[in-house]
Amino acid sequence: MAKTKDEAPKSLEEQLKRLEEIATLLDRGDAPIDQQLQLFEEGMALAAGCRAYLEQAELKVQTLSGENPVIP
Amino acid sequence: MAEQAISVSLLTGEIKRLLENGIGEVLVVGEISNYKLHSSGHRYFTLKDSEASISGVMWRTRPLNFVPQDGMRVVVRGRLTVYNAQGKYQIDCVAMRPEGIGDLHQAFEELKQRLGAQGYFDAGRKRPLPRPIRRVGIATSPTGAVIRDMLTTIERRFPSLEVVFRPTIVQGGEHASRDIAAAIEQLNRCDVDVIIVGRGGGSLEDLWCFNTQVVADAIRSSSIPVISAVGHETDVTISDWVADVRAATPTAAAEMVTPVTRQDLLMALDALAREMTNDVRRNISVMQQLATAFVDGRAARRITERILMRAQRVDDLSTRLARSASNRLQRERIRVDHAAALLTSLHPLAPLQRGYAVIERNGHVLNATTPLQPGDKIDIRRQNDVVQATVDAITNVESTKGTSHGKDKG
């Protein structure tokens, strides 16, 4: 299971969730503009990161050997 | 009586020779009872009809592609032998098949009824598939189209998924059943979110390994939701009944574990990025209009580099993302960028640094035309503090150059 070790500290789902939070905050638009710009930068970085992750993804298949091979 | 007594062994040996040579190979039809699959893999049973019965044994090395059930009528081929230790004659079977397909159907119905009565199929036991699904365990044959089709489908829809594949015997009888059960147990220890067990279509005998109690028990005790995807749409097995979710085909199961595709997500990402960009631009634009209420034309043009760079960053980031998006999306984005280029990017709070103030009510910035009443509570935001104030009176003044937004002056 060494293949499954996650390099990124956050999962795709967590990043998408954060991205949606940011989009909601920006849509409300009541945060100070400095903060909005910070959120925006974070959001765009997340969006670009997720996009790159999805575009580069390759199917990982790990094949097990049967534990108690049954002899037919 | 000068006769010499002979040993039991000798007598048994004589009987053995007589029976084995005199009868030898047989083809017998009868009803199975007391069927026992020993942990060694050997099978012991009795064959009977209404008048007689005979013991039978079938060693584990003899292939058997269905699971005999008590009461089933079968045809066996084998040799008559004697088991010396018990003085018992028996048939050593090399092959066994159900007498008619009707027996398999009947066995299926009986097992279905029995398991149903024991609550194996209760809707309350069924678990929904988890969301999100990151790792999927698959138990199916390593050869043939099924595993290839499933992997192709997953790769096309959502290649970020991880697959743990346990090559499994999914053809025929007992061996296959035990291997399927072992595969489910093994995948339960592999940190997967969902397990798919399946195979392609086949005859009732081919699919029989999915119609056994062993497999039903393994699915029932799985702590991870199981999708059963056996055969074609019209083939329904016990495994389908017990599983948390039944998929009509293995490919349908592969689609179930990839409910959100990569394409869906990429489009959602683009939509979010577009929304964020538009929102920020709109917010800046609103603030900018507010700010022009505080400064005259010349001041408006003395925007600090720092602020310009920030607004430029909005354009940069959205353009960069657009470049990696599809052509269609890119074209749309460029139109957005053209529109945004019109923004002159005035930092809305910059006037505060020059001693001006912004008036807010309930956290919202008021612009020059927001109606105010005497008695209204307002906040006056200055560079370093916020002043809570109450409106005493409102006096209209002649429109000044401040309200003409400085666009008329050179």
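These lines cover the structure that appears in this document, whether it is placed above or below.

### A few points about the overall build of chain B
Reasoning step 1: Counting its secondary structure elements, chain B contains twelve helices and 14 strands.
Reasoning step 2: Going through the 410 residues of chain B one by one, you find that 33% of them count as buried.
Reasoning step 3: In chain B, once contacts between residues fewer than 6 apart in sequence are set aside, the share between residues at least 24 apart is 66%.

### Structural notes on the nonpolar core
Reasoning step 1: Grouped together as the largest cluster of nonpolar side chains are 61 residues, with contacts concentrated most on B:Ile180, B:Ile184, B:Ile195, B:Ile196 and B:Val215.
Reasoning step 2: By residue number, the principal contributor to this core is helix α4 (residues 174-187) of chain B, which donates seven residues.
Reasoning step 3: The residues touching B:Ile196, leaving out its near neighbours within four places in the chain, are B:Val136, B:Ile138, B:Ile227, B:Ala229, B:Ala253 and B:Val257.
Reasoning step 4: By size, the runner-up hydrophobic cluster in this structure holds 18 residues, among which are A:Leu16, A:Ala23, A:Leu26 and A:Leu37.

### Re the sheet that holds strand β6 (residues 135-140) of chain B
Reasoning step 1: Taken together, six strands build an open sheet; the order of strands is β1(A)-β7(B)-β6(B)-β8(B)-β9(B)-β10(B) and the sheet is parallel. Of all strands in the sheet, those bounded by a partner on one side alone are β1 (60-63) of chain A together with β10 (245-246) of chain B.
Reasoning step 2: Sheet topology note: the strand β9 (residues 226-230) of chain B/β10(B) ladder contains two bridges and is parallel. Looking across to β10(B), one finds that B:Ile227 is bridged to B:Val245.
Reasoning step 3: Strands β1 of chain A together with β6, β7 (162-167) and β8 (194-199) of chain B of the sheet are contacted by helix α3 (residues 145-157) of chain B, whose axis makes an angle of about 165° with β6(B).

### Regarding helix α2 (residues 33-56) of chain A
Reasoning step 1: For α2(A), with 24 residues, the first-to-last C-alpha span of 34 Å sits near the 34 Å given by 1.5 Å per residue.
Reasoning step 2: The complete set of buried residues in α2(A) reads A:Ile33, A:Gln36, A:Leu37, A:Phe40, A:Gly43, A:Met44, A:Leu46, A:Ala47 and A:Cys50.

### Points about the environment of B:Gln186
All names here are of chain B.
Reasoning step 1: Along the chain, Gln186 turns up in helix α4.
Reasoning step 2: Given 20 C-beta atoms within a 10 Å radius, Gln186 is considered buried.
Reasoning step 3: Considering only alpha carbons, one finds Gln186 and Ser222, 36 residues apart in sequence, at a separation of 10.0 Å.

Definitions and cut-offs
Residues numbered from 1 in each chain as written. Chains lettered and ligands numbered in written order. Predicted model: local features only at pLDDT ≥ 70, side-chain atom pairs only at ≥ 80, totals over all residues. Helix = DSSP H or I, 4+ residues; strand = E, 2+ residues; numbered from the N terminus. Buried ≥ 20, exposed ≤ 12 C-beta atoms within 10 Å, placed from the backbone. Contact = placed C-beta atoms within 7 Å. Core = buried A, V, L, I, M, F, W, Y, C linked by C-beta atoms within 7 Å. Pairing = 2+ DSSP bridges. Axes fitted to C-alpha atoms, helices over the stretch in contact; angles between N-to-C directions. Expected span 1.5 Å × (residues − 1).

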